[in-house]
Structures are given as structure tokens and as C-alpha cells.
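Notes for the structure review
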Amino acid sequence: MVNPSTAHITNLADILVFVRVAESGSFTKAAELLNLSRSAVGKSIQRLESRLSSRLIHRTTRTLSLSDEGQLFYDYGRRILQEVEEAENLIMKRTRTPKGRLRLTVPVAFGRKHMMPLLLDFLNTYPDIETEVIFSDDYQDLISDGIDLAIRFGHHPDSSLVQQSLASHRLITCATPAYLAKHGTPQRLEDLQQHQQLIYLHQGRPMPWRFQVKGSKIDYAAQGRIRLYDVESLRDAALADFGIIQVGTFLIANDIAQGRLVPILNEIAAPRLPICAVYPSKRHIAPKVQSLIEFIQQRWQGQAIWEAVLPVQSKRKASAKTVKV
């Protein structure tokens, strides 16, 4: 005879597996997220379907889709898991002991330069938290990929996500003194046509340069013979006098402060954008997520602290261009 309490625990575990399969669209991906073998995931789904006497998932060698019963069970199952997680979060908040695995995604260059040192300090402060960091300039699906928190540039319309501003980000167009001495300094947007522009590629497409002219935002299609998928390598090419770049101050503030790069076209620089903490919308945020957000807020104080090295005049100009979002 099956112990009822044991059956309930098994049911909940199988529901968790089913929801992760439905959200990720893959048995393999769900297994990775849950740290299980693929066969264990398959057995869990079979057990659940046998218990319900219903096929929940239609699967072939290439595709996976929910049946009508599967979609209905997913809607209820997801709500059940959310209620369980929120109950756990409430209890953990009462004990004020953040713990567990924190899975986050951060932009590559920004993550390496500014998030990793902060994150290591955070882990020293909270020894019961373990972390898994995805360095990517792509926007991950936080829910299907099982990500607790993302650090992103700019606000994005998505009602299923909470977006909390942490600091600001701005782009600077610049080149080395040697390059500008040899080729001249652009005074207007049109002057860029006479210069080599170093281009950042993302998902196979060149990213436009951002400007604001007479209150209108402009996406400028940069042209040049050097196109790179890595923004740090783009900076290296600029420092080697190969042309003009447009990148974030988080990457080149020290280069500007020490005179290795010279800002140009400041009068038409694009407005600042927020750097946001982004996480799935829930009534009760997990203590591990809340703790990291508060840790970042305490460090940054809402400021782009990497700009502290810039000359006072440059920071004043930057402040005048700040926009609230």
C-alpha cells in the first residue's frame, strides 16, 4: 500500500518536471535545469501520465507539444509550484537567511568588468548561496531557461517581468588622439562618412550607432572594414588607431581618463539608458534575488560608478544629458 504522504511528494516532484519540460520545450533541457538524467525526466512524465490516465505531451524525434489535457495541467501545475515557492520565500524571509542556487545572466563585457568582482564579494557575504552565471549579450527567456535574475541595459516592455533600475548607461563615440590627428575630428554626423568606423556585430547584424539630433533619436548605420562580435576586441582595435568606436563608458572610462581615447560628437550623444535588474514577476521575490539586488544598490548607489575616473567636466556634461526612465 502506497503511503499517501509519499505519493504527494512524488506528485509534486513529477509536476515540477512536467512544468520544466513544458516551459523549456525539451526533455534534455529540463534535465539540465533540474540536474537530472534525461531518462529520469522521461520516467517522471510517464508516471504522471499513467497516474492521470491522460497523454500530456505529444512527442516525436524532433518536436514536443502539449495536448489539451497537458495545457490544462500545465496551467494548474505552474500555479501550484509558484504557491509552494512563494511559501518557501515567505518562511526564508522570516529567518532572513538567503540560500540556494542563484542563476543569473549578464552582458559579456559588462559582466566580466563590473559584475564578477561584485558577485564574488556577494558570495563571500552570503556563504549559503551558490551561483551559476551565464555571460551572454542575447536576451535569455528567464522562465523557460530557469533564470532567477538578469542584468540588462534599457527598459523592455514585458508584463511578465519585473524591471528595477540600478544605475545608468551611456554610449560614447571616440577614437585615439593619433587617429584624430591623422584623419581629422568629425564635427557633424555627416563627417563620419570620411572615417573608418569599427563595428560591433550581434546575432550576425551590425549594431547601429545611437545619436540624438534636435531631440530626435537617430540610428546611424556605421560602415567600416573591421566588424567584430566582441566589444572588448573592438576597443583594442580602436586603441591600435584603426578607427572610431561607439561603446559604453563602463568599458572605456579609464581610457578616456588617461587620454588614450578622446570623445567626439558629444553634442549629439544619445540619452542615457538604465541598467536594470530583471526577474520573473512574483508576489514574493526570493531572498537570494532580493539580497543580490540590495547588494548592487548599496555598491552603486544608483550611479554609474565606473565613470568616477572621468574628469569633472566630462561628468557634468554627462549629468546634464541624463534622462529619467
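Please read these numbers as outputs of a predicted model, since none were measured by experiment. (Residues numbered from 1 in each chain as written. Predicted model: local features only at pLDDT ≥ 70, side-chain atom pairs only at ≥ 80, totals over all residues. Heavy atoms only, no water.)

**A look at the sheet that holds strand β13 (residues 245-248)**
Reading across from one edge, β13-β7-β14 is the order of the three strands in this open sheet, with antiparallel pairing throughout. Every other strand in the sheet has two partners, leaving β13 and β14 (262-264) as the edge strands with one partner each. On average, each strand axis in the sheet is inclined to that of its neighbour by 50°, with strand direction left out of account. Strands β7 (171-175), β13 and β14 of the sheet are contacted by helix α8 (residues 249-257), whose axis makes an angle of about 110° with β13. (Pairing = 2+ DSSP bridges. Helix = DSSP H or I, 4+ residues; strand = E, 2+ residues; numbered from the N terminus. Axes fitted to C-alpha atoms, helices over the stretch in contact; angles between N-to-C directions. Contact = heavy atoms within 4.5 Å.)

**Overview of the nonpolar core**
Within the largest apolar cluster, 45 residues are counted, with the highest numbers of intra-cluster contacts made by I151, L292 and W300. When residues of this core are assigned to domains, at least three map to each of domain 2 (95-166 + 275-307) and domain 3 (171-268). Ignoring sequence-local partners within four residues, the contact set of I151 consists of T105, V106, P107, F110, M115, L166, I275, C276, A277 and I296. Core analysis: the second largest hydrophobic core is formed by 16 residues, V17, F27, A31 and L81 among them. (Core = buried A, V, L, I, M, F, W, Y, C linked by side-chain atoms within 4.5 Å. Buried < 20%, exposed > 50% of the residue type's maximum accessible area, 1.4 Å probe, protein only. Domains from an automatic or database assignment.)

**Points about the sheet that holds strand β9 (residues 205-206)**
Reading across the sheet, the three strands line up as β9-β8-β12 and stay open at both edges, with mixed pairing between neighbours. Sheet topology places β9 and β12 (227-228) at the edges, where each strand pairs with a single neighbour. Pairing between strand β8 (residues 199-202) and β12: two bridges, direction parallel. Its bridge partner being in β12, Y200 is matched across the sheet by L228.

**Topic: the pattern of salt bridges**
Counting across every chain of the model gives 18 salt bridges. Across the pair E23 and R78 runs a salt bridge, and its minimum N-O distance is 3.6 Å. Note that E23 is positioned in helix α1 (residues 4-24) and R78 in helix α4 (residues 68-95), a separation of 55 residues in sequence. Using a relative accessible area of 29% as the deciding quantity, one classes R78 as partly exposed. Note that D236 is salt-bridged to R235, the shortest N-O span being 3.2 Å. On the basis of relative accessible area, D236 is assigned to the partly exposed category, the value being 43%. Salt bridges here are not isolated pairs; linked through shared partners, they connect R235, D236, D255 and R260. (Salt bridge = Lys/Arg side-chain N within 4 Å of Asp/Glu carboxyl O.)

**What about the packing of aromatic side chains?**
Per the counting criterion, the structure on display carries 11 aromatic pairs. Centre to centre, the rings of F110 and F153 are 5.4 Å apart; their planes meet at 75°, and the pair counts as edge-to-face. Here F110, found in helix α5 (residues 108-125), pairs with F153, found in strand β5 (residues 149-153); they are 43 residues apart in sequence, far enough to count as distant. Overall, F110 belongs to the buried group, its relative accessible area being 1%. Among the aromatic residues, those joined into a cluster by ring pairs are F110, F153, F250, W300 and W306. R79 extends its terminal NZ or CZ atom over the ring of Y76, reaching a point 4.7 Å from the ring centre. (Phe/Tyr/Trp six-rings, centres within 6.5 Å; stacked < 30°, edge-to-face > 60°. Lys NZ or Arg CZ within 6 Å of the ring centre and 35° of its normal.)

**Some points on the side chain of E49**
Counting through the fold element by element, E49 comes out in helix α3 (residues 38-52). Looking at E49, the relative accessible area reads 10%, which means it is buried. Here the side chain of E49 touches I57 through a polar contact of 3.2 Å, landing on its backbone nitrogen. A distance of 3.5 Å separates a polar atom in the side chain of E49 from a polar atom in the side chain of R59. Setting aside residues no more than four positions away along its own chain, E49 makes contact with S54, R55, L56, I57 and R59. (Polar contact = N/O pair within 3.5 Å; in protein donor to acceptor, adjacent residues only side chain to side chain.)

**Observations regarding unusual backbone geometry**
One non-glycine residue, K214, lies in positive phi territory at about 50°. Structurally, K214 can be placed in the loop between β10 (209-213) and β11 (216-220). Looking at K214, the relative accessible area reads 85%, which means it is exposed.

**Examining the confidence of the model for the protein chain**
Mean pLDDT over the protein chain: 87, with 90% of residues reaching 70 or higher. Confidence drops under pLDDT 50 across residues 315-325; counting only partners more than four residues distant or on other chains, this segment forms 16 contacts. (pLDDT = per-residue confidence, 0-100.)

**Looking at the environment of E88**
Its location among the elements puts E88 in helix α4. Spatially, the C-alpha atom of E88 lies 9.6 Å from that of H284, the residues being 196 residues apart in sequence.

**Notes on helix α9 (residues 287-300)**
Here α9 is 14 residues long and its end C-alpha atoms lie 20 Å apart, about the 20 Å a rise of 1.5 Å per residue gives. Listed as buried for α9 are P287, K288, V289, S291, L292, I293, F295, I296 and W300. Positive backbone phi, at 55°, marks Q301, one or two positions downstream of α9. (Expected span 1.5 Å × (residues − 1).)

**Observations regarding empty space enclosed by the protein**
This model, assessed by the stated rule, comprises one cavity of 30 Å³ or more. Of the volumes computed, that of the largest cavity is approximately 50 Å³. When residues of the lining of the largest cavity are traced back to their parent elements, those giving at least two are β7 and β10. Grouping the constituent residues of the lining of the largest cavity by class yields seven nonpolar, three polar and one charged. (1 Å grid on protein atoms, 1.4 Å probe; cavity = no way out; pocket = protein on both sides within 12 Å on 5 of 7 lines; lining within 4 Å. Points joined across faces, edges and corners; volume = space filled by probe spheres on them. Nonpolar A, V, L, I, M, F, W, Y, C, P; charged D, E, K, R; others polar.)

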